[in-house]
Each structure stands twice: as C-alpha cells, then as structure tokens.
Number of protein chains: 2
Amino acid sequence: MIETPYLLFLGDAPDQLAAKVAQGIKDWRPENAVGQYRMTGCKADVGLTDMTLAEARDAGAKTLVIGVANRGGVISQSWKDVLISALEMGFDLASGLHNLLRDEDDLVAAAQSHGRTLHDVRVPSVNYPIANGVKRSGKRVLAVGTDCSVGKMYTALALDAAMRERGMKSTFRATGQTGILITGDGVPLDAVIADFMAGSIEYLCPDNDDDHWDIIEGQGSLFHVSFSGVTMALIHGGQPDALILSHEPSRAHMRGLPDYQLPSLETLRDTALPLARVSNPACQVVGISVNTQHMSEDEALTYLAAVEKRMGLPAVDPFRQGAERLADALAAL
Amino acid sequence: MIETPYLLFLGDAPDQLAAKVAQGIKDWRPENAVGQYRMTGCKADVGLTDMTLAEARDAGAKTLVIGVANRGGVISQSWKDVLISALEMGFDLASGLHNLLRDEDDLVAAAQSHGRTLHDVRVPSVNYPIANGVKRSGKRVLAVGTDCSVGKMYTALALDAAMRERGMKSTFRATGQTGILITGDGVPLDAVIADFMAGSIEYLCPDNDDDHWDIIEGQGSLFHVSFSGVTMALIHGGQPDALILSHEPSRAHMRGLPDYQLPSLETLRDTALPLARVSNPACQVVGISVNTQHMSEDEALTYLAAVEKRMGLPAVDPFRQGAERLADALAAL
C-alpha cells in the first residue's frame, strides 16, 4: 500500500505521452495528488500545480510517484538528484519503471538512512496463495478483450467512476503497474509466478458486502498467444459475476502478432463466458466497450449502434460517452 | 541440462511411493541411471544395482539425482553427509525438492570448492522470452486433462516410447520437475513468471524436422481454477498439431476443489480445441487417454470401449495397454 497523497514526478518528459501514468492519476484519482514536479526541459503538463519538494511536503504529500517513462533503460543522475532529495525530505518513492528503484544503490542507501520506503510496483511484494476456488461474497466484474491494450483499464476506471457517482459500492482493483500507481494498491499480475496467478486475484478481491462490486482490471486476451494464460487466471481467480467485452475496431492484427487476426465479439463472448462459468456459474456478459479513438464521432456512433443491435447488449465508448450504461447493466443484474 | 548418467539417491525413503521420481527415471530412461544409492532404513527399491558413491563414479555416473521426497520440509543432516561426499567425489547434484539445494550454505560451499553444479529443477535457470507466436516447423502433441494429475505425463512418456519403438522421430518435452529429472532438461512451468509462460514453451519446443514430434508434457487443466492459466499458456505456446484428452473417471470432484465437478470429455474437447486453433488452425483432437487404475480389467475395457464409441476417437489406458494406438493416430495425421 502506497501512502497518499502524492507529488507527481514528471521529470524531463520529452512529450505529454511520456507522462501517461501521471495523467492517469490526475484523471482518475485527483484527490491522490497535491501537485506535479517538473524539471527543466519538461514537455509534459498534467494540469496540476507545479510544486517544489518543500511545497509538496507542506501540502501533505507523502510519496513522490514517478509518473513518467524513463529513457534508455537507465535512471539518470539528474532524476536521482531529485529522488534522493525527496527521500531526505521524508518522501517515500513509488515507481512502475522496468528499472527497479531497489537496484540503485544510492537510492537504497538514502531510503535506509532516512527510514523511507521504495515501492517498485512492477514486482510483487506479497507471497500470494494458490487459488482455492471457494465462492466469495460480493460481486465482481471483469473486462475481457478481443486483444491486448484495447481499453480494458480505461473501461474499468470509467465504470468505477460511474458507479460511485450513483452511489453504488465499487472498488477498482488494479492488476497492472499504472492501475496500482493510480490507486496505491493492487497485484502486478504479469510478474506473478505461474502457480500463484489465480490466487493473487482471489487475494486482490476477497469477500465483500453483497451489494459491493469489485471492478477488476483486465490483462491480455484469451486470443493473444503471448499473454492468454494471464487472462485465464484473471477469469478463474476473479469469479466474475459479469463480463464486459472490450474491442478496438481498427486493429489490422493482434498487437505485436502480425500473423494473428482479432476474433469477433461473438467469438470472444462464446469463448470467455463458458470459461468464466467454471468459477461462477451465474456469470453473464452485460455489455460491450469499444475504443473508437480512430473514428469520427459519426462513425463511432454508427459503429456502436450496429454492435449494440447485433449483440443485443449495451455498447459504449467509455471515453466518448462515459460508462453509465454499463453501470446500468450491472445495477440491473 | 543435467549431465547423465545418474546415480539415483533413494535416501531413507519410508516407502516405495516416496521414491516415485527415481522410479520414473528407471521406468522411462533406464539408460540414464547406473544404479541406486540407499541409506540405512531405506524402504524403497527401484530395481537398480545398489552402489556406493565410488562404485557409481567408476561406472561413469556424473550426477547424483535426489529421486525421493524429503520429510518435514528440511534436508536432513544424514542426507547432507551423503550429498557433500558426492560433491567431493565429483558428482553434480540435481533435485526437484521444494527446499532448494542452493539455499543450503554447506552444499553451496562444497559445490564451489569442488567446482560442481547444484541443479534445482523447480526453479527456472533461463530468462525465457515473451512468446512471439511465429509458426514453427515440426509437429507437436499436447495432452490436456479434465483435471490435474490425471496421467498426462505418463501418457506423454508412453507415447514417446511407442513412437520411438516404431522409428518415428519424437522428443518428450518436460514441463514439470519429475519430467525434467527423467530427461535431464525442460521448463519448470509452474515457477515461470506469468508474462513468460507461453514464451518458455516456445523455447522448449523450437523449430524441428517436418516429421519430428515434440510430445509436450501437460500441466493443470483448463477447468482447474487454480492452474488453468498454466494450461492456457501451454496450449498457445505449444502450437499443438494434435491434442490428446486425458481423464480419470473415478474423481468425485476436481483435485483439491470439493465444490467443482469435472467436465465431460466432450466439454473438454469443445473448449480446448478452439483455443488451440488460435495458435495452430490445423490442430486436431486425435485420441483419449484414460487412467483406469481404480477399475478392474473388465470394467476398464468396457469403459474404454464406451468412450471410444461415444467420442469417435481411440481411447486407451497407456499404463494397461501402451500408447501404440495414440502413436497410430499421430502417424495418420
């Protein structure tokens, strides 16, 4: 568990896209961030107040979160100067970088001498159990995709926001490093050892109130041969009551796999639902989220209407339209 | 890669079952073992010549393989006396125990001072790649089960033996610690990090001759919620040309999951085959292996005949009958 609120470190980001982790925190958990820290030459701005370390500390920030990708596979000396100052001033550090903070001797030494914590959210910090499959109380929803990176995290966060807004009990359960940094907690599923994958998801979304929804962040795709095992573990460890089908219509092939075509939404439904019913016989497919970023507004609305008619399920782009209709579908279950 | 031949360490095994790893090596790769080493009080005997360390060394043994389960989660001092003597005499050590050899300071010190290797086959020793899904040459067969521990490894080893006997090119590809110790090589799939599971299987069974069969050891079950992700990664990483359905008819419920029923062979077929065709559109289900150990001979033959008729596929118990008819089915593909 990462202590909040955060100061978001944007470093010397070369462009806005490099700061997408910080942007995600700002968009989805603005209450978790008191401000942003930008170095000379930083080309990103997530729209928070620029602060020095001292100003952020005075504003109550507990953790400096690295909200930006690094370059060249190294943590530069100019970054380290800031990070070490932050540790000296009493901040913890949190990072989802491939380069681990714990592998940097100077950061480790500074953290130890100031009694601070280094959070590397790419690496599990828990010894997860083997899944036991026992039925849990509370409700769970999982987005499954025709491919990787089709908007499953965005769908889950938008759904969580829509459900909270109408007073439903919901919790976004992060399974990847960006989601973990946004919420301060979660399971870095892609780094979990095979035998414990499903168990880590049982650990992530335990028994809860009967009217509480865990919104589990999806990963991979049953149809993506590199990562389908991770998706399978999410489906069985998650015991979802509801599935949402996620799709990005402009893909020419599966992400990173030029010889593999995307399945249809029907094939995804007919594959995922029987597998989900192994762990939860009551599971239903309740809706469809489509990432229409490469379509005009008219094209998107036409496409969504056609999918909705064809599949007999609410079909929305949560980015364009919000996820209210998906929340409706869950409320009606 | 573990150096062969082996001396099989049976220790102070309390019964024959405790030595099942050694028995597997003796049954399936007798050419890999020059003899067995038994301590005072050993109640197991795999039928090899009893040898001292010196006799085994003179007979050419390179590695002392721990072919017995340990008790109480520790490697006892009486075992260690033998293991350290073996290292001093020039043997490598190989073990599939949960307690790692590398975590024992005295074994590590002895191995270092004598230039020997400690093989802990439960732990990956390779940085596996992420799967790329590229079509590989050669042919592959995988057994998938209605449950865990229904005889998939036995089926694969029996099939490999039958294929070799008739001069077909085949290689058993181990994915668990027993299989790795039997053959000296393989991938300990349950200990691989999630993102690299399918990649580890691509690594395990690379391009090969067009008429060569890799017989991939199955793990878990698509219907076992604790381990289904591992099975999924095997199916997609393996790119199987052929599936064999494996079943144990006497199970009252899924192994370790009292609330979960086994699927029918039809459900297994209809679930596994479409998933396998994602990575290999030509994949076929070619036969069925049934573990009939809890049936009389008559019951078993009646059961197998009924399954064969119902499913329209050869159905055999490889332990009772050998795997020749499964080899026939592969040869006919």
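Now for a look at the structure at hand. Being a predicted model, the structure only gives us computed values, none of them experimental. (Residues numbered from 1 in each chain as written. Chains lettered and ligands numbered in written order. Predicted model: local features only at pLDDT ≥ 70, side-chain atom pairs only at ≥ 80, totals over all residues. Heavy atoms only, no water.)

## Description of the packing of helix H7 (residues 197-204) of chain A against helix H8 (residues 228-238) of chain A
Residues and elements named next belong to chain A. With their axes 8 Å apart at the nearest point, H7 and H8 run at an angle of 45° to one another. Taken together, the axes of H7 and H8 lie oblique to each other. The crossing of H7 and H8 is right-handed. Residue-level inspection shows Met197, Ala198, Ile201 and Glu202 of H7 in contact with H8, the latter providing Gly229, Val230, Ala233, Leu234, Gly237 and Gly238. Tallied by class, the residues present in the contact of H7 with H8 amount to six nonpolar, three polar and one charged. (Axes fitted to C-alpha atoms, helices over the stretch in contact; angles between N-to-C directions. Helix = DSSP H or I, 4+ residues; strand = E, 2+ residues; numbered from the N terminus. Parallel < 35°, antiparallel > 145°, perpendicular 65-115°, else oblique. Left-handed = near helix turned anticlockwise from the far one by under 90°. Contact = heavy atoms within 4.5 Å. Nonpolar A, V, L, I, M, F, W, Y, C, P; charged D, E, K, R; others polar.)

## Re the sheet that holds strand S9 (residues 242-247) of chain B
The pairing of strands in a sheet happens through backbone hydrogen bonds and is either parallel or antiparallel. Residue and element names in this part refer to chain B. Strand order across the open sheet formed by six strands is S7-S8-S6-S9-S10-S11, with parallel pairing between neighbours. Each having just a single partner strand, strand S7 (169-173) and strand S11 (315-316) make up the two edges of the open sheet. Direction of pairing for strand S6 (residues 139-145) relative to S9: parallel, over a ladder of five bridges. Each bridged residue has a counterpart across the sheet, and for Leu142 the counterpart in S9 is Leu243. (Pairing = 2+ DSSP bridges.)

## Here's the deal with the state of the cysteines
All names here are of chain A. Scanning the entire structure with this criterion turns up zero disulfides over all chains. With no disulfide of its own, Cys283 lies closest to Cys205 among cysteine sulfurs, the gap being 13 Å. What makes Cys283 buried here is its relative accessible area of 0%. (Disulfide = S-S within 2.5 Å. Buried < 20%, exposed > 50% of the residue type's maximum accessible area, 1.4 Å probe, protein only.)

## Focus: unusual backbone geometry
Excluding glycine, most residues fall at negative phi; most peptide bonds, likewise, are trans. Residue and element names in this part refer to chain A. With an omega dihedral of 0°, the bond running from Thr4 to Pro5 counts as a cis peptide bond. Its location among the elements puts Pro5 in the segment before strand S1 (6-11). Of note in this structure, Gln239 is not a glycine but carries a positive phi near 50°. Position of Gln239 among the secondary structure elements: in the loop between H8 and strand S9 (242-247).

## Structural notes on the interface of chain A and chain B
Between chain A and chain B, the contact holds 32 residues from the first and 32 residues from the second. Across the chain A to chain B interface the summed buried area is about 2500 Å²; carbon plus sulfur atoms make up 63%. Broken down residue by residue, the surface that chain A buries against chain B is led by A:Asp195, A:Val225 and A:Tyr260, which jointly contribute 19%. The interface formed by chain A and chain B holds zero salt bridges in total. The interface formed by chain A and chain B contains 10 residue pairs in polar contact (both at pLDDT 80 or more). Among the elements of the structure, H7, H8 and helix H9 (265-279) of chain A are those that each provide at least two residues to the side of chain A that touches chain B. Among the elements that make up the side of chain A that touches chain B, the one with the highest residue count is H8(A) (six residues). (Buried area = accessible area lost by both parts, 1.4 Å probe. Salt bridge = Lys/Arg side-chain N within 4 Å of Asp/Glu carboxyl O. Polar contact = N/O pair within 3.5 Å; in protein donor to acceptor, adjacent residues only side chain to side chain.)

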